[in-house]
Structures are given as structure tokens and as C-alpha cells.
Amino acid sequence: MRTFQTQTSRSKVCPRNQYYECVARYSAATAERKRFYQDVSISQSEGGLYEINLDQRKLKTPGGKLFTVPNEALAIAVATEWDAQRDTLKFYTMHLTTLCNTALDNPTQRSKEQMITAALKFLETDTICYRVDEPHGLVELQRNEWDPVLQWIEKRYNVTIGSSASILGPEIPEATKDTLRQHLKSHNFWSLTGLEYVITQLKSIVLSLGMIDRHLSVEQAVLLSRLEEEYQIRRWGNVEWAHDYDMYELRARTAAGALFVHLTSESSTVKHKLLQD
């Protein structure tokens, strides 16, 4: 991986009309642009935040804000995304950049409390809480693969979640929601942005917390989130290239979200685990 050198920045932000149109809406899924820069570097501002420089121009968000991140590790990761682009910028592959844009612009203007409430709603429809009652092979597969994760999170957070084959799903106790709400409050706004992204990818707050807590690997969490689909594929076959593409894309998005949470977390426990690894 390329090494990016950090310098203290005193230069002015580049005028918006010089390049903003080139990067506007680059989080859109189909957006592509011709690469308009040669070199990528990072610099530290007087306020201690880190910026991304494309040649001599400073990166901005789609909302027009100066693109700044809270630490050097995240700045290096984002700069690497930009430096890895070739003749054509494929913005839909730049997941860390998109997450930073979301945290900086907050396009829906949500508070931490609103984000936490949205995340907790996934408990009501959590992937691994909804079970089938047939065929027998899938019933057994769900029990064998999903039950240990449920047991882990219930013990880890001292909560009750459970599972159900009913269309209504399990009835989640209010005490469980309160406990998980308090845990989510320990995350800062940036970290919550990444966590919510992971939850939406996996359709599961249980799998997401399991991965963020390093109980599950990215590969395990993704596979568990697609358990029924994988069962059907093994049984009936699939279009191999399409299945592989979907799997790799989901892994990439999930891994980026998990990395974003770790790099923006204020938790000394998380940072200690990362240093140990």
C-alpha cells in the first residue's frame, strides 16, 4: 500500500468551481468520472483534523463542505481509495469515502438518537430471528448456525432476544431494547454512521454487533446473513458469476463499514483489540 505523508496545511480551500462538479454525487451507485488528478496526499489542519489533497486541491463533500476526518488512520484509508482509482473513478467502490461524506453532510439531518432508534428497529425484523418451519434441512441449518450467535449476544449483553417461525417474529422485551440502546449511545456519530451501514447490509443488528465485537469475521457474518439463499443455491444451483459478484460486493461493503466503525470509535477497548491483531 502506498505511504501517504502528512503535512500541516495552511493553504486555502480550492474554489468550488475548479473541481466540485467532478466529485458531486460521487456516492451514487452508477457514478463514474475520468480521473482528474495525479497525486493523492493527506494534510493536517490547524484544528487537528485531516484532509485529503488531490494534487493541490482539497477534497470536498457532495454538500460542498471541506472533507475532513478525525484521525490519520482514516485519512490514509480514504486516500488509498482515491489513489487506487485508475483512468476512471468508480465512486461506487469507494465505500469509506461515501461513509465519510454521509457523516460530514448528514444529508437527512438526523440526530444520534434518531440513528439509534432506526438501528434498533432492525431487531423487529432481524435476519437471524426469523426462522422457517420447513424444509427440515433449512430448519436444522438455521438452528445450527444462527442459535450460537443468538446465544452469544444474549450472554454478551445480558439480554433476551429469541427467535420465531411466526410471521410476526419474536417479541423483543423492552429491557433488551433499553440495554442495546445504552450500548449504542456509547458510539459517537461517525461510528454510528458506520454501524448503521453494516446493519443495513446484513439486515441484522445481531450479526453486525457480533462482527464489530470481533466475535464473527466479515466472511462469517455475510454468509450467515445469506444462509437461506446459500441453502437454496446448494440445492438448486445458481448462475455462478452472479452469485460470486453479489457475495464479493456484500463482503466489500460490510468490511468497509466495520473498518469505518473501528477507525472512528472512541472505544479504547476496540482500539486495543485492533492493535493486538
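Residues numbered from 1 in each chain as written. Predicted model: local features only at pLDDT ≥ 70, side-chain atom pairs only at ≥ 80, totals over all residues. Heavy atoms only, no water.

Identification of the protein chain as ATP synthase mitochondrial F1 complex assembly factor 2 from Haplochromis burtoni is taken from an unreviewed UniProt entry. Listed in UniProt under the heading Sequence similarities (unreviewed entry), the comment for the protein chain reads: "Belongs to the ATP12 family." Turning to the protein chain, the UniProt record has this under Function (unreviewed entry): "Plays a role in the assembly of the F1 component of the mitochondrial ATP synthase (ATPase)." (UniProt positions renumbered as here; feature names shortened; annotations may be inferred.)

Some words on the pattern of salt bridges
Two side chains with opposite charge may pair up if their charged atoms get near one another. According to the stated counting rule, one finds 11 salt bridges in the structure shown. Of the charged contacts in the structure, one is a salt bridge between Arg181 and Glu113, with a shortest N-O distance of 2.6 Å. With Arg181 in helix 6 (residues 174-185) and Glu113 in helix 4 (residues 112-120), this pair connects stretches of sequence that are 68 residues apart. Overall, the relative accessible area of 37% leaves Glu113 in the partly exposed class. Between Asp147 and Arg131 there is a salt bridge, with its nearest N and O atoms 2.9 Å apart. Here Asp147, found in helix 5 (residues 136-157), pairs with Arg131, found in the loop between helix 4 and helix 5; they are 16 residues apart in sequence, far enough to count as distant. Beyond isolated ion pairs, a larger network of salt bridges with shared partners links Glu124, Glu174 and Lys177. (Salt bridge = Lys/Arg side-chain N within 4 Å of Asp/Glu carboxyl O. Helix = DSSP H or I, 4+ residues; strand = E, 2+ residues; numbered from the N terminus. Buried < 20%, exposed > 50% of the residue type's maximum accessible area, 1.4 Å probe, protein only.)

Side note on the nonpolar core
Among the nonpolar cores identified, the biggest contains 43 residues, and Ile161, Leu184, Ile205 and Val206 are the most heavily contacted of them. Those elements giving two or more residues to this core turn out to be helix 4, helix 5, helix 6, helix 7 (189-202), helix 8 (205-212), helix 9 (218-225), helix 10 (227-236) and helix 11 (240-264). Per-element accounting of this core gives the leading share, 8 residues, to helix 5. When residues no more than four places from it in sequence are discounted, the contact partners of Ile205 are Ala119, Leu120, Phe122, Leu123, Asp126, Leu184 and Ile199. (Core = buried A, V, L, I, M, F, W, Y, C linked by side-chain atoms within 4.5 Å. Contact = heavy atoms within 4.5 Å.)

Side note on the environment of Trp82
With respect to the helices, strands and loops of the structure, Trp82 is situated in helix 2 (residues 72-84). By relative accessible area, Trp82 is classed as buried at 0%. The sequence separation of Trp82 and Leu54 amounts to 28 residues, and the corresponding C-alpha distance is 8.5 Å.

Details of the pairing of strand 3 (residues 40-44)
Across 5 bridges, strand 3 lies against strand 4 (residues 50-54) in antiparallel orientation. Residue pairing for strand 4: Ser41 is matched across the bridge by Asn53. (Pairing = 2+ DSSP bridges.)

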